Amino acid sequence: MGIYKYIYGPVPSRRMGISLGISPIPKKYCNYSCVYCQLGRTKNLTNKRNEFFDLKEILKEFQDISKKDIYYDVVTIVGEGEPTLYSELGRLIKKIKTMTDKPVAVITNGALMYDEKTRKDLMKADIVLPSIDACNENMFTRINRPSRSINYNNMLEGLIEFSNHYKGQLWIEIMLVKGYNDSVDNLIEFKKILTRINYDKLYINTPVRPPAESYFQRS
Ligand code: SF4
C-alpha cells in the first residue's frame with residue numbers, strides 16, 4: 001500500500017476493528033497543539049478550513065484501492081492533524097459512501113463543532129469520534145492550546161447541538177492527563193458535561209506514546 005499518498009492501512013484500530021485510513025490534510029496541520037500530542041508541537045496551527053489536497057485525487061486513490069481484494073471493517077478519515085480542517089470533508093464522506101458498503105468514521109478533536117458547516121459535513125459520517133479533554137476554558141487552554149479563534153464554550157455548545165441532531169454513532173473520547181484534568185473534582189465536572197451530550201460510547205484514555213512536551217507525565 002506504500003504507493004498511496006492519502007490512503008493508508010488497513011491497520012488494526014483500537015475502537016473499530018480493521019481500519020482503512022484516509023488522511024485529507026498535510027502532516028501536523030491542526031487547530032490544537034495538545035500537550036500530549038505524539039506528533040510534537042503543532043507547527044501549522046490554523047483554524048482555516050482548506051482544500052489542502054484535490055478531492056478528486058483522494059477519490060481516485062480510493063477507487064483504485066476498492067478494486068483490490070483488501071479486507072477492512074471501516075473507512076476512517078483521520079490524519080496526522082485535524083481532518084475537519086479539510087474544507088471538502090462533507091463531499092469526501094458522501095463520495096466514499098457511494099464506493100463502499102463499510103461505515104465511514106471521522107476521528108476529530110471536535111474543535112470545529114461550533115461551526116455549522118463542519119457539523120453539517122460530519123452529519124454525513126456513520127461514526128464520529130470527537131475528543132473532549134477539558135471541563136473549562138482554562139483547562140482547555142492548558143491541555144489543548146487551541147488556535148485563538150476557538151472558544152471552549154462555543155466548542156462545547158456545538159458538540160451538544162451536533163449530538164442532538166446526529167443520527168449516526170457518536171463516540172466521545174476523553175484523554176486524561178496527569179495533573180491537568182484527572183482530579184476527582186475534574187471527573188465530577190466531566191460527568192456533568194457528559195449528561196448534556198447525547199453520545200453512544202465513551203472512551204477514557206491516557207497517552208501511551210511520547211508526548212509533545214517533555215515535562216508532561218502519564219496518568
Ligand atoms: S488534536 Fe490531535 S493532532 Fe492536533 S495537537 Fe491534539 S493530539 Fe495532536
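See above for the structure.
Overview of the structure. (Residues numbered from 1 in each chain as written. Predicted model: local features only at pLDDT ≥ 70, side-chain atom pairs only at ≥ 80, totals over all residues. Heavy atoms only, no water.)

Notes on the site of the ligand
Consideration 1: Near the ligand the following residues occur: K28, C30, Y32, S33, C34, Y36, C37, T42, G81 and N109.
Consideration 2: Classifying every residue of the shell around the ligand by side-chain character gives five nonpolar, four polar and one charged. (Near = heavy atom within 4 Å. Nonpolar A, V, L, I, M, F, W, Y, C, P; charged D, E, K, R; others polar.)

With respect to a positive patch on the surface
Consideration 1: Together, K94, K95, K120 and K124 make up a positively charged patch on the protein surface.
Consideration 2: As for its placement among the helices and strands, K95 is situated in helix 2 (residues 89-99). (Patch = residues over 30% accessible without salt bridge, like charges linked within 9 Å, V, L, I, M, F, W, Y side chains within 5 Å. Areas by Shrake-Rupley, 256 points an atom, 1.4 Å probe, with all protein chains shown as cover. Salt bridge = Lys/Arg side-chain N within 4 Å of Asp/Glu carboxyl O. Lys, Arg positive; Asp, Glu negative; His and termini not counted. Charge placed at Lys NZ, Arg CZ, Asp CG, Glu CD. Helix = DSSP H or I, 4+ residues; strand = E, 2+ residues; numbered from the N terminus.)

Considerations on the nonpolar core
Consideration 1: If you look at the biggest cluster of nonpolar residues, it comprises 60 residues, and the most contacted ones within it are I22, L92, I132 and I197.
Consideration 2: The leading source of residues in this core is helix 5 (residues 152-165), at six residues.
Consideration 3: In this structure, L92 is in contact with I22, P24, L55, I58, L59, I77 and Y86, ignoring residues within four places of it in sequence.
Consideration 4: If you look at the next biggest cluster of nonpolar residues, it comprises six residues, including V74, A105, L129 and W171. (Core = buried A, V, L, I, M, F, W, Y, C linked by side-chain atoms within 4.5 Å. Buried < 20%, exposed > 50% of the residue type's maximum accessible area, 1.4 Å probe, protein only. Contact = heavy atoms within 4.5 Å.)

A closer look at the side chain of T118
Consideration 1: Examined against the element boundaries, T118 turns out to sit in helix 3 (residues 116-123).
Consideration 2: For T118, the side chain forms a polar contact with the side chain of R49, separated by 3.4 Å.
Consideration 3: Apart from the residues within four sequence positions on either side, T118 is in contact with R49, T84 and L112. (Polar contact = N/O pair within 3.5 Å; in protein donor to acceptor, adjacent residues only side chain to side chain.)

Description of the packing of helix 1 (residues 55-66) against helix 2
Relative orientation and spacing of two packed helices are given, respectively, by the angle between their axes and the distance between those axes.
Consideration 1: The interhelical angle for the contact between helix 1 and helix 2, taken along N-to-C directions, is 20 degrees, at an axis separation of 11 Å. When the interaxial angle is binned, helix 1 and helix 2 end up roughly parallel. Relative to helix 2, helix 1 is oriented so that their crossing is right-handed. Residue-level inspection shows L55, I58, L59, F62, Q63 and S66 of helix 1 in contact with helix 2, the latter providing R91, L92, K95, I96 and M99.
Consideration 2: Looking at the contact of helix 1 with helix 2 residue by residue, the classes come out as seven nonpolar, two polar and two charged. (Axes fitted to C-alpha atoms, helices over the stretch in contact; angles between N-to-C directions. Parallel < 35°, antiparallel > 145°, perpendicular 65-115°, else oblique. Left-handed = near helix turned anticlockwise from the far one by under 90°.)

Here we look at the pairing of strand 8 (residues 169-175)
Consideration 1: Burial within strand 8 is extensive, with six of its seven residues counted as buried.
Consideration 2: Bridge count for strand 7 (residues 127-130) against strand 8 is two bridges, and the pairing is parallel. Along strand 8, the bridge assignment pairs V128 with L170.
Consideration 3: Two elements, strand 8 and strand 9 (residues 201-205), share five bridges in a ladder whose sense is parallel. Pairing of I172 across the sheet is with L202, part of strand 9. (Pairing = 2+ DSSP bridges.)

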